[in-house]
Amino acid sequence: MKIFILLKILIILSNFQNFLFAGAPPLNKEMLPDAPYEFIKTNHIIIGVEWKKSSLTDVLPSKLSGVSTITGGINIFNSRKKQSFSPLSGAYGWVDLPGEDKKEKFIIFSMYGPNATINKVMKSVYSLKSEIGSNKVTLINNKAVATSSINGKNVLIFSGINSENCVKASGQELLVSSLSDDGKVYKKFNWTTKNQCNISPDQIELKEVLKKFEIKKMIWAKTLEDSNVIIEKPVSNK
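Being a predicted model, the structure only gives us computed values, none of them experimental.

### Details of the overall build of the chain
- Each helix and strand in the chain was counted, giving 2 helices and 11 strands.
- Of the regular secondary structure in the chain, the N- to C-terminal order runs α-β-β-β-β-α-β-β-β-β-β-β-β.
- Out of the 238 residues in the chain, the part that is buried amounts to 41%.
- Long-range pairs, those at least 24 residues apart, make up 66% of the contacts in the chain with a sequence separation of at least 6.
- Roughly 13700 Å² of accessible area belongs to the chain as shown, and the carbon and sulfur atoms make up 53% of that amount.

### Considering the packing of aromatic side chains
- As enumerated under the stated definition, the model contains 8 aromatic pairs in all.
- A ring pair is formed by phenylalanine 39 and phenylalanine 77, whose centres lie 5.9 Å apart and whose planes are at 20°; its orientation type is stacked. Of this pair, phenylalanine 39 sits in strand 1 (residues 37-51) while phenylalanine 77 sits in strand 2 (residues 70-79), placing them 38 residues apart in sequence.
- The buried category is assigned to phenylalanine 77, whose relative accessible area is 2%.

### Topic: the state of the cysteines
- In the structure shown here, the tally under the stated rule is 1 disulfide.
- Bridging cysteine 166 to cysteine 197, the disulfide has an S-S length of 2.0 Å. Judged by the sign of its S-S torsion, about 120°, the bond between cysteine 166 and cysteine 197 is right-handed. With cysteine 166 in strand 8 (residues 153-180) and cysteine 197 in strand 9 (residues 183-206), this residue pair connects regions lying 31 residues apart in the sequence.
- Here cysteine 166 falls in the partly exposed class, since its relative accessible area comes to 39%.
- The class of cysteine 197 is buried, set by a relative accessible area of 3%.

### So, the nonpolar core
- Grouped together as the largest cluster of nonpolar side chains are 32 residues, with contacts concentrated most on Trp51 and Val95.
- Of all the secondary-structure elements, those providing two or more residues to this core are strand 1, strand 2, strand 3 (88-96), strand 4 (104-114), strand 7 (143-150), strand 8 and strand 9.
- At 5 residues, strand 8 tops the list of elements feeding residues into this core.
- One finds Leu88, Ile118, Leu175 and Leu224 within the second-largest nonpolar core, a separate group that totals 23 residues.

### Some points on the pattern of salt bridges
- Enumeration according to the criterion identifies 6 salt bridges in this entry.
- In this structure, the salt-bridge partner of glutamate 214 is lysine 52, at a minimum N-O distance of 3.5 Å. Taken together, the positions of glutamate 214 in the loop between strand 9 and strand 10 (215-231) and lysine 52 in the loop between strand 1 and strand 2 put the pair 162 residues apart, joining distant regions of the chain.
- The class for glutamate 214 is partly exposed, based on a relative accessible area of 37%.
- With a closest N to O distance of 2.3 Å, glutamate 104 and lysine 184 form a salt bridge. Separated by 80 residues along the polypeptide, glutamate 104 in strand 4 and lysine 184 in strand 9 bring together distant segments of the chain.
- Through salt bridges with shared partners, a single network forms among Lys41, Lys194 and Asp226.

### Some remarks on the confidence of the model for the chain
- When pLDDT is averaged along the chain, the result is 87, and 86% of the positions lie at 70 or above.
- In this model residues 9-13 is a low-confidence stretch, pLDDT under 50, and it forms 0 contacts with partners more than four residues away in sequence or in other chains.
- Across residues 16-28, where pLDDT falls below 50, the model places 1 contact with residues more than four positions away in sequence or in other chains.

### A few points about helix 2 (residues 116-124)
- The complete set of buried residues in helix 2 reads Thr117, Ile118, Asn119, Val121 and Met122.
- In this structure, the buried side of helix 2 is in contact with strand 1, strand 3, strand 4, strand 5 (130-132) and strand 10.
- Sitting at the amino-terminal end of helix 2 is asparagine 115, which places a side-chain oxygen 2.8 Å from the backbone nitrogen of threonine 117.

What counts, and where the lines are drawn
Residues numbered from 1 in each chain as written. Predicted model: local features only at pLDDT ≥ 70, side-chain atom pairs only at ≥ 80, totals over all residues. Heavy atoms only, no water. Helix = DSSP H or I, 4+ residues; strand = E, 2+ residues; numbered from the N terminus. Buried < 20%, exposed > 50% of the residue type's maximum accessible area, 1.4 Å probe, protein only. Contact = heavy atoms within 4.5 Å. Areas by Shrake-Rupley, 256 points an atom, 1.4 Å probe, with all protein chains shown as cover. Phe/Tyr/Trp six-rings, centres within 6.5 Å; stacked < 30°, edge-to-face > 60°. Disulfide = S-S within 2.5 Å. Core = buried A, V, L, I, M, F, W, Y, C linked by side-chain atoms within 4.5 Å. Salt bridge = Lys/Arg side-chain N within 4 Å of Asp/Glu carboxyl O. pLDDT = per-residue confidence, 0-100. Polar contact = N/O pair within 3.5 Å; in protein donor to acceptor, adjacent residues only side chain to side chain.

Listed below in structure tokens is the structure:
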């Protein structure tokens, strides 16, 4: 009889515990940190390009539908410095939106990682279509090389030569993640660098999932060495 009562008590306690956990959030659900986000000691290779317009049919904003020449670029970066999102790297491609200084850049692809949290931030906080990946920038012996990979496969390879006109620099860009006739969602991208250099773009290859984004020609390229980046909270003017 005592054993029967004990078993009954254990069953009741088990059911009560299941009830508590059913109403609670998953234990492994990650709480994302709040913006702004700071990336420190980053190295960048940034390439200015003219895109082949026909390759952007699925992503091109309607306000650029009547524009014959579509310019934009690609920014690849990483950092070896231990920080919140280590190991930290990222890459994104954009098209320039109309404007005198072309500060507004509409993002057409992106990949962040290999730390999964930074990729989740870009997707959840900034509504980017971002893949988790790994990006590497190498600046050595007057040469610049960048690679990006997804699932262990290279999707971007770039090389440039002849680093020159190096200066300290800073700036701000507006990265637009969503754009429609009703408005847009964007984030401010503030950066400073101890060494910005112009380089001559040598070759670039987009493969696998990036193969559909065709580059008509490379226009310019530059490197940013030992940089700090602050990405502010997303802004919506819808």
